[in-house]
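Given next are the chains, with one letter for each unit.
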Amino acid sequence: HHEQSFGSDSTTSATALAATTASSDAIQTTRGGGALDGIDVPLMLYFLFWYVGNYYYNITNKLALKAAGGSAGFPMLISSLQLAVGAVYAIFLWLAPDARSKPTVTLDDIVAMLPVAFCFMGAHSASVFALSAGAVSFGQIVKAAEPAFAAVLSQFVYNKPVSRAKWMCLPIIIGGVILASVKELDFAVSALIAACIANLFAAFKGNENKKLMETEGLKDRMGSVGNQFALTTILGFLMSVPLVLLREGKRLGEFVDIFKTNPIVSTNLLASGLWFYGYNELSTMTLKKTGAVTQSVANTAKRVIVIVGVAMVLGESLDPMKLLGCAIGIGGVLAYSVIDQVLAKMKDE
């Protein structure tokens, strides 16, 4: 029975993850000659593990949600516990001998981080809810439309105008998402709404994060990108607790029983927490080493892989219409991400 096998992979994955984060600094100093000359090998490895992590996160997350009763089960609690797993892992990394240097942030820094952490928590909880309510592939297609939300926000809320060329890409993205929704067998309005809320939070988080990183001396006090993500996760987890108690607090006892008696829930919950933390940390490292455009393109490619791969593993519908919509939407996202740079290049030439 293959569902169980994910649990055992996850423990090895966690050690592998710790190894990749530790060895990443070591790899950077060694550049191989020969055939691989000119290729940034560590960066390729970051991408690979980021993709693999995201893929496994989506599978383990869905298995845990499904086994705990789907969207009527415990989506808020599960999303919160995934952050808790990450928080424990992060604290362990600070306390372990020869581990990461601890951040030296002040209380003011923590307060400044709250908006980002809140948006991070909101985006995560809403995503998990969306993935519990409908098919993973569907949730991912809607989440691929995030740039549309980011564009509207930066134009109207943050007064950072978005170019006309970018606006032209948005109808393509939205059209693709609509096409994909039409043929979605596992369509749920709640999944659509939750995925849109997740996009809103994610877009806010991106903008808030930019503002946060401009704070004087904050980068030095945090120490590293890893520490920044660790702090965000810990704060996000703490903020998610009231939400869980509000939504599912009365049924905590029931969940404890499920967790104790159903290994599918417990192993996949732990695994999904570790995968989530790992792939997010890798994506922040990748962002540091590449521009935002590469990141968007990579994110787009990642969604395609996850949508098709996860749908195959979980036996979700892959209707031709759904795939066409997915292709159009994701093509639009890709165009949106690179169009300004491409046009600027053409002007120069």
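The following refers to the structure shown.

Thoughts on the overall build of the protein
Here is step 1 of the chain: When helices and strands are counted, the protein shows 14 helices and zero strands.
Here is step 2 of the chain: Seen in sequence order, the protein has helices and strands lined up from the N terminus as α-α-α-α-α-α-α-α-α-α-α-α-α-α.
Here is step 3 of the chain: For the protein, the proportion of its 349 residues judged to be buried stands at 49%.
Here is step 4 of the chain: Long-range pairs, those at least 24 residues apart, make up 86% of the contacts in the protein between residues at least 6 apart in sequence.
Here is step 5 of the chain: Entry remark: accessible area of the protein is about 16300 Å², with carbon and sulfur atoms responsible for 68%.

Details of the nonpolar core
Here is step 1 of the chain: Ranked by size, the top nonpolar core spans 80 residues in total, and within it W50, F255 and Y336 carry the most contacts.
Here is step 2 of the chain: The residues contacting F255, other than those within four sequence positions of it, are F74, L77, I78, L81, V265 and L269.

Quick look at the pattern of salt bridges
Here is step 1 of the chain: In this structure the tally under the stated criterion is three salt bridges.
Here is step 2 of the chain: A salt bridge links R100 to E281, with the shortest nitrogen-to-oxygen separation between them at 2.4 Å. Placement of R100 in the loop between α3 (75–95) and α4 (107–133) and of E281 in helix α12 (residues 263–289) is noted, with a sequence separation of 181 residues between them. Of the two residues examined, R100 and E281, each falls in the buried class.

A few points about a nonpolar patch on the surface
Here is step 1 of the chain: A cluster of nonpolar residues, L45, L48, F49 and V52, forms a patch on the protein surface that exposes about 280 Å² of accessible area.
Here is step 2 of the chain: With respect to the helices and strands, the residue L48 is situated in helix α2 (residues 41–67).

So, the side chain of N61
Here is step 1 of the chain: You can see N61 is positioned in helix α2.
Here is step 2 of the chain: When neighbours within four sequence positions are excluded, N61 is seen to be in contact with I78, Q82, V128, L131 and S272.

Quick word on the packing of α3 against helix α10 (residues 225–248)
Here is step 1 of the chain: Where α3 contacts α10, the two axes come as close as 8 Å, and the packing angle between them is 150°. With respect to α10, the element α3 is oriented roughly antiparallel. Between α3 and α10 the crossing geometry is left-handed. Where α3 abuts α10, its residues P75, M76, L77, S80, L83, A84, G86, A87, A90, I91 and W94 lie against N227, A230, L231, T233, I234, G236, F237, S240, L243, V244, R247 and E248.

Remarks on the packing of aromatic side chains
Here is step 1 of the chain: The tally for this structure, following the rule as stated, stands at 16 aromatic pairs.
Here is step 2 of the chain: Here the aromatic rings of Y56 and W275 are separated by 5.1 Å at their centres, their planes lie at 20°, and the arrangement is stacked. In this pair, Y56 sits in helix α2 while W275 sits in helix α12, placing the two residues 219 residues apart along the sequence.
Here is step 3 of the chain: On the basis of relative accessible area, Y56 is assigned to the partly exposed category, the value being 22%.
Here is step 4 of the chain: Relative accessible area serves as the criterion here: at 11%, W275 is assigned to the buried category.
Here is step 5 of the chain: Centre to centre, the rings of F229 and Y277 are 5.0 Å apart; their planes meet at 45°, and the pair counts as tilted.

A word on α2
Side chains of residues three or four places apart in an α-helix project in the same direction, reflecting 3.6 residues per turn.
Here is step 1 of the chain: The end-to-end C-alpha distance of α2 is 39 Å, a good match for the 39 Å that 27 residues give at a rise of 1.5 Å each.
Here is step 2 of the chain: Phi turns positive, to about 105°, at G69, one or two residues after α2.

What counts and what doesn't
Residues numbered from 1 in each chain as written. Predicted model: local features only at pLDDT ≥ 70, side-chain atom pairs only at ≥ 80, totals over all residues. Heavy atoms only, no water. Helix = DSSP H or I, 4+ residues; strand = E, 2+ residues; numbered from the N terminus. Buried < 20%, exposed > 50% of the residue type's maximum accessible area, 1.4 Å probe, protein only. Contact = heavy atoms within 4.5 Å. Areas by Shrake-Rupley, 256 points an atom, 1.4 Å probe, with all protein chains shown as cover. Core = buried A, V, L, I, M, F, W, Y, C linked by side-chain atoms within 4.5 Å. Salt bridge = Lys/Arg side-chain N within 4 Å of Asp/Glu carboxyl O. Patch = residues over 30% accessible without salt bridge, like charges linked within 9 Å, V, L, I, M, F, W, Y side chains within 5 Å. Axes fitted to C-alpha atoms, helices over the stretch in contact; angles between N-to-C directions. Parallel < 35°, antiparallel > 145°, perpendicular 65-115°, else oblique. Left-handed = near helix turned anticlockwise from the far one by under 90°. Phe/Tyr/Trp six-rings, centres within 6.5 Å; stacked < 30°, edge-to-face > 60°. Expected span 1.5 Å × (residues − 1).

Shape is all these values report; function is a separate question.
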